[in-house]
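Residue-level structural notes
As a plain string of letters, each chain reads:
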4 protein chains.
Amino acid sequence: MKPIGKRRWAIAEGYIPGSSTGPAPAMTSHETACILNAGDDEANIVITIFFSDRAPAGPYRFVVPPRCTRHIRFNNLDDPEPIPTDTDYASVIESDVPIVVQHTRLDSRQAELALLSTMAYGSD
Amino acid sequence: MKPIGKRRWAIAEGYIPGSSTGPAPAMTSHETACILNAGDDEANIVITIFFSDRAPAGPYRFVVPPRCTRHIRFNNLDDPEPIPTDTDYASVIESDVPIVVQHTRLDSRQAELALLSTMAYGSD
Amino acid sequence: MKPIGKRRWAIAEGYIPGSSTGPAPAMTSHETACILNAGDDEANIVITIFFSDRAPAGPYRFVVPPRCTRHIRFNNLDDPEPIPTDTDYASVIESDVPIVVQHTRLDSRQAELALLSTMAYGSD
Amino acid sequence: MKPIGKRRWAIAEGYIPGSSTGPAPAMTSHETACILNAGDDEANIVITIFFSDRAPAGPYRFVVPPRCTRHIRFNNLDDPEPIPTDTDYASVIESDVPIVVQHTRLDSRQAELALLSTMAYGSD
């Protein structure tokens, strides 16, 4: 399929709740960058994480195969370092081919879950 | 009315919860692509679904009449195949005239529902 | 202030829940178009409502004073006609000066409220 | 890193719930502008708040260091004046370098929290 999207995306909001309620992993509090690579070439992705009071973390590297989606949980990042919980952060997602990025959080600190989602900000 | 929108849209996030609480169909967990065709010509829509580990599904075909909206539940897609529940997916929505696409999920896996919504990413 | 925004906006998703829980009006289920007119000229707004199976409703007319915001509840529209509850709709918001439009829903059909919000799709 | 974003952003929706449930400050009802300054120059930020029936409030001034994020809670603004609770408002965020702005609300008026988030509207 003809590619769709941009090569640089930003998510200004990031916060991994430090606790969860309910069965893991579906109901574990998490923060996700959903990436769509609709085109016919592999996407090589680099994520950089920004904080309020220290230098950025990264690069975190991923591959999204052609005509595939990959939903990356920030909770699971650990190379080069994990993202601390209960801490404000932001992220930039860069790709060598056009992709689309959407940001979603499931917060299950309470028994009743809450959801948020927004398209990231895309740029070239 | 003068048309508004774009001809290609992407939703990077997709996930149909496998269970629900409350009276169907209003409270059934669902994932929706809301399409507005504000213009004076019929919109012929093709939806393609992308996964993390298999080839895309589709095409799913719809018509949205002129000056009308249609809220398509991904749960209800079945031709050429249904979308599995509890599975990450993404979608591209293509039209022959300008449309606007918004993505909404109602999650009623727990007794207390949760909602998310975002404009899709539009491109020409 | 220098104006910011576009003159035409679309919200593809619309649905006014038919019931509510909790004290009115704060906790009444509602669907809102939040309009910001940051510029120095009055904004004359026309809203048109689109349905899945009938001709559009409207025009609904509003004024947003210069350097002001107005949060319009779709529930409260009644001239030329009210919007039915439990019905899918979409909307186009047009202005004679640049504005910014954001869409929010508070759903209190259950005791526990749910919220969604997204920027509308802007165009000129 | 190469900067990403725009210099002017608008959030048309604003509302600080007047009450909260749960431990402060994590579960205090709040409304946040999350700002990412991915570039190598300090960002000097000016926020202006718009109301439905009075002149704008501000300027509220902030600095976001290079390669940092700052999550500003509207609840905490107090210079030149606090933002009243239970009141509709909107905001414009201006910067001297490109930034990305995302809007989030946590509503804990009820025991069960609700979340919303959206990218703000960016312009140059």
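Right, let's walk through the structure included here. Just so we're clear, the structure is a prediction, and the values are computed from it rather than from any experiment. (Residues numbered from 1 in each chain as written. Chains lettered and ligands numbered in written order. Predicted model: local features only at pLDDT ≥ 70, side-chain atom pairs only at ≥ 80, totals over all residues. Heavy atoms only, no water.)

**Re the interface of chain A and chain B**
Definition in use: By the convention used here, residues are in contact when the closest approach between their heavy atoms is within 4.5 Å. When two components associate, each loses some accessible surface as probed by a 1.4 Å sphere; the sum of these losses over both components is called the buried area. Between Lys or Arg on one side and Asp or Glu on the other, a salt bridge is scored when a side-chain nitrogen of the former is within 4 Å of a carboxyl oxygen of the latter. Polar contacts here mean pairs of N or O atoms no more than 3.5 Å apart (in protein, one a potential hydrogen donor and the other a potential acceptor; neighbouring residues in sequence count only if both atoms are side-chain atoms). Labels follow the DSSP assignment, with helices taken as runs of H or I lasting at least four residues and strands as runs of E lasting at least two, numbered in each case from the N terminus.
At the junction of the two partners, chain A supplies 31 residues and chain B supplies 35 residues. Taken together, both faces of the contact between chain A and chain B bury some 2500 Å²; the carbon and sulfur share is 65%. Applying the counting rule to chain A against chain B returns zero salt bridges. Here chain A and chain B share 10 residue pairs in polar contact (both at pLDDT 80 or more) between them. Looking at the side of chain A that touches chain B, the elements with two or more residues in it are strand S1 (6–11), strand S2 (30–37), strand S5 (68–73), strand S6 (89–107) and strand S7 (114–119) of chain A. No other element matches the six residues that S7(A) contributes to the side of chain A that touches chain B.

**Notes on the relation of the copies chain A and chain B**
Cut-off, in case you're wondering: Residues reaching a pLDDT of at least 70 in both copies supply the C-alpha atoms on which the copies are superposed by least squares.
With an RMSD of 0.0 Å, the operation that places chain A on chain B is a rotation of 90 degrees combined with a shift of 0.0 Å along the axis. The superposition of one copy onto the other is thereby described by a four-fold rotation axis.

**Observations regarding the side chain of D:Gln102**
What counts, and what does not: Summary of the burial criterion: residues with accessible area below 20% of their type's maximum are buried, those above 50% are exposed, and those between are partly exposed, where the area comes from a 1.4 Å probe applied to protein chains only.
Tracing the chain through its elements places D:Gln102 in strand S6 (residues 89–107). For D:Gln102, a relative accessible area of 0% gives the class buried. A distance of 3.1 Å separates the side chain of D:Gln102 from the backbone nitrogen of A:Ala12, its partner in a polar contact. Those residues in contact with D:Gln102 that sit more than four places away from it in its chain are A:Ile11, A:Ala12, A:Glu13, A:His103, A:Thr118, D:Thr32, D:Ala33, D:Cys34, D:Ser117, D:Thr118, D:Met119 and D:Ala120.

**Overview of the packing of aromatic side chains**
Worth spelling out the cut-off: Note on aromatic pairs: the rings of Phe, Tyr and Trp (six-membered ring only in Trp) are paired at centre separations within 6.5 Å, and the planes decide the class, stacked below 30 degrees, edge-to-face beyond 60, tilted for the rest.
As enumerated under the stated definition, the model contains eight aromatic pairs over all chains in all. When the ring of A:Trp9 is compared with that of B:Tyr121, the centres are 5.4 Å apart and the planes differ by 65 degrees; the resulting orientation is edge-to-face. Of the two residues, A:Trp9 sits in strand S1 while B:Tyr121 sits in strand S8 (residues 121–123), which places them in two different chains. Each member of the pair, A:Trp9 as well as B:Tyr121, is classed as buried.

**Some thoughts on the environment of A:Ile4**
For A:Ile4, the position within the fold is in the segment before S1. Counting along the chain gives 93 residues from A:Ile4 to A:Val97, while the straight-line C-alpha distance between them is 9.2 Å. Discounting residues that sit within four places of it in the chain, A:Ile4 has contacts with A:Ala38, A:Pro98, A:Ile99, A:Val100, B:Arg8, B:Trp9, B:Ala10, B:Val92, B:Tyr121 and B:Ser123.

**Section: the interface of chain A and chain D**
In plain terms, the rule: Note that Gly is not counted as nonpolar here; it falls among the polar residues with everything else outside the nonpolar set of Ala, Val, Leu, Ile, Met, Phe, Trp, Tyr, Cys and Pro and the charged set of Asp, Glu, Lys and Arg.
Of the residues lining the interface, 35 residues belong to chain A; the matching set on chain D comes to 30 residues. Between chain A and chain D lies a buried interface of about 2500 Å² when both sides are counted; carbon and sulfur atoms form 65% of it. Taken together, chain A and chain D are joined by zero salt bridges. In this structure, the connection of chain A to chain D is made through 10 residue pairs in polar contact (both at pLDDT 80 or more). Among the secondary structure elements, those contributing two or more residues to the side of chain A that touches chain D are S1, strand S3 (43–51), S6, S7 and strand S8 (121–123) of chain A. Element by element, the count of residues in the side of chain A that touches chain D is highest for S6(A), at eight residues. Of the residues that constitute the side of chain A that touches chain D, the class distribution is 16 nonpolar, nine polar and 10 charged.

**Here we look at the side chain of D:Ser123**
Positionally, D:Ser123 belongs in strand S8 (residues 121–123). On the basis of relative accessibility, which here comes to 16%, the residue D:Ser123 falls in the buried class. If we skip the residues at most four places from it in the chain, D:Ser123 touches C:Ile4, D:Lys6, D:Arg7 and D:Arg8.

**Focus on the pairing of strand S3 (residues 43–51) of chain C**
Residues and elements named next belong to chain C. Applicable threshold: In short, DSSP must find at least two bridges between two strands for them to pair.
In terms of residue burial, S3 counts as a mostly covered element, since seven of its nine residues are buried. As paired elements, S3 and strand S4 (residues 57–64) share six bridges and run antiparallel to each other. The residue bridging Ala43 from the neighbouring strand is Val64, located in S4. Connecting S3 to the antiparallel partner S4 that follows it, the hairpin turn spans five residues.

**Structural notes on the environment of A:Met1**
On the secondary structure map, A:Met1 appears in the segment before S1. The sequence separation of A:Met1 and A:Asn37 amounts to 36 residues, and the corresponding C-alpha distance is 9.8 Å. Beyond its immediate sequence surroundings of up to four residues, A:Met1 is in contact with A:Ala38, A:Gly39, A:Asp40, A:Arg67, B:Arg8, B:Thr48, B:Phe50, B:Val92 and B:Glu94.

**What to know about the environment of B:Ser29**
All names here are of chain B. Counting through the fold element by element, Ser29 comes out in the loop between strand S1 (6–11) and strand S2 (30–37). Judged by relative accessible area, Ser29 falls into the buried class, the value being 1%. C-alpha of Ser29 to C-alpha of Leu115: the two residues are 86 residues apart in sequence and 9.8 Å apart in space.

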